[in-house]
Amino acid sequence: MDAFWVRERYKVVRVIQVQEHYACVQAVDILDREVRSCLLNIYEGPLLKEQLPGFDQLRGCPAFLDMFLERGSLVTVFEDREGSRIDQVFYLGDKHPWRTRLDYAGQLMDQALNMADLPAPVSCAAMLSDNVLVEEKSGRLRFRFQVVPLEGMCPRELAYLTGDQLRKLLRPRFGSPREELELLEELERRDLPNVVALYALWRERRDGIQAAYEDLEGRTFLGRFFRQAWTYLKWRWSGGRGNRTWKN
């Protein structure tokens, strides 16, 4: 089969997704000295007019490389990103230490804040689980811009999607301190209007969560065990969420 080229510059090496009026492919840029791979989002028909205004506002996005019309289709080019999907790394029963969790949580919130000014359809697509990638060797959290068309996206939706990823990183477990469980409960209860409000909540609680973990590390084995057991059982007895008054 002959190679498929876009603009005689991008050689398509893999088709990632195809649906009506949209396709996402992985390609290599032959004009790039390092011949790095990139992602091409291709829109046609009614999606072309819908997507064009949003992508025209992406000049401040570091991963955004190019945009052009090709044979009646809109093509947007982003840096390709590698890593494992967040659901493959952080899942029920995983054994990541708390420092690793907080580090990734901090990266998630910093990058979400950086995306707050992007058009909501773009930032929300990047925050979907398939596009939140973990590079375990480097300890970096990265976002892939496979910008599948989404309806009804808005700043509130980006806050919701970011909160969903944060809950995966700080999943309730035996050993979670009260301060971390309180943050997770507040994410369930509060209707945050945008990711800036979510980031403010994270900054407000982050130091307390870290201090609580460090306090646990400073205790004896039995002291730490009974503290963790009491916190976890109290959380489970009260339903794992909702209205409760915590006491030390």
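Residues numbered from 1 in each chain as written. Predicted model: local features only at pLDDT ≥ 70, side-chain atom pairs only at ≥ 80, totals over all residues. Heavy atoms only, no water.

**Details of the sheet that holds strand β8 (residues 132-135)**
The strand order across the open sheet built from 3 strands is β7-β8-β9, with neighbouring strands paired in antiparallel fashion. With partners counted over all chains shown, the strands left at the sheet margins are β7 (84-85) and β9 (140-143), one partner each. Here 2 bridges tie β7 to β8, and the two strands are oriented antiparallel to one another. Paired with R85 across the bridge in β8 is L133. Across the sheet, helix α3 (residues 98-114) lies against β8 and β9, angled at about 30° from β9, the strand it touches most. (Pairing = 2+ DSSP bridges. Helix = DSSP H or I, 4+ residues; strand = E, 2+ residues; numbered from the N terminus. Contact = heavy atoms within 4.5 Å. Axes fitted to C-alpha atoms, helices over the stretch in contact; angles between N-to-C directions.)

**So, unusual backbone geometry**
The residue H21 is not glycine, and still its phi comes out positive at about 70°. Note that H21 resides in the loop between β2 (10-19) and β3 (22-29). With relative accessibility at 26%, the residue H21 sits in the partly exposed group. Unusually for a residue other than glycine, R71 sits at a positive phi of about 55°. For R71, the position within the fold is in the loop between β5 (64-70) and β6 (73-79). (Buried < 20%, exposed > 50% of the residue type's maximum accessible area, 1.4 Å probe, protein only.)

**Some thoughts on the nonpolar core**
Of all hydrophobic cores here, the largest spans 55 residues; its most connected members are F55, M127 and F145. Those residues in contact with F145, other than ones at most four positions away along the chain, are L39, N41, C61, A63, F78, M115, L118, V122 and A126. If you look at the next biggest cluster of nonpolar residues, it comprises 11 residues, including Y10, A27, I42 and V75. (Core = buried A, V, L, I, M, F, W, Y, C linked by side-chain atoms within 4.5 Å.)

**A word on the pairing of strand β4 (residues 37-43)**
Buried residues dominate β4, accounting for 6 of its 7 residues. As judged from the 7 bridges shared by β3 and β4, these two strands associate in the antiparallel manner. Paired with A23 across the bridge in β4 is I42. Where β4 and β6 come together, 6 bridges link them in antiparallel fashion. The residue of β6 that forms the bridge with N41 is T76.

**So, the packing of helix α6 (residues 178-189) against helix α7 (residues 195-217)**
Contact pair α6 / α7: the axes reach a minimum separation of 8 Å and the direction vectors enclose 160°. Viewed along their axes, α6 and α7 adopt a mutual orientation that is roughly antiparallel. Considering only the axes of α6 and α7, their crossing is left-handed. Where α6 approaches α7, its residues E179, E180, E182, L183, E186 and L187 are matched on the opposing element by L198, L201, W202, R205, G208, I209, A212 and Y213. (Parallel < 35°, antiparallel > 145°, perpendicular 65-115°, else oblique. Left-handed = near helix turned anticlockwise from the far one by under 90°.)

**Description of the sheet that holds β6**
Pairing is antiparallel in the open sheet, where 6 strands are placed in the order β1-β2-β3-β4-β6-β5. Two strands close off the open sheet at either side, each with one partner strand: β1 (4-6) and β5. The mean angle between the axes of side-by-side strands here comes to 35°, regardless of whether they run parallel or antiparallel. With 3 bridges connecting them, β1 and β2 associate as antiparallel partners. Across the sheet, residue V6 finds its bridge partner in β2, namely Y10. Where helix α1 (residues 46-55) meets the sheet, it contacts β3, β4, β5 and β6, and its direction lies at approximately 40° from that of β6.

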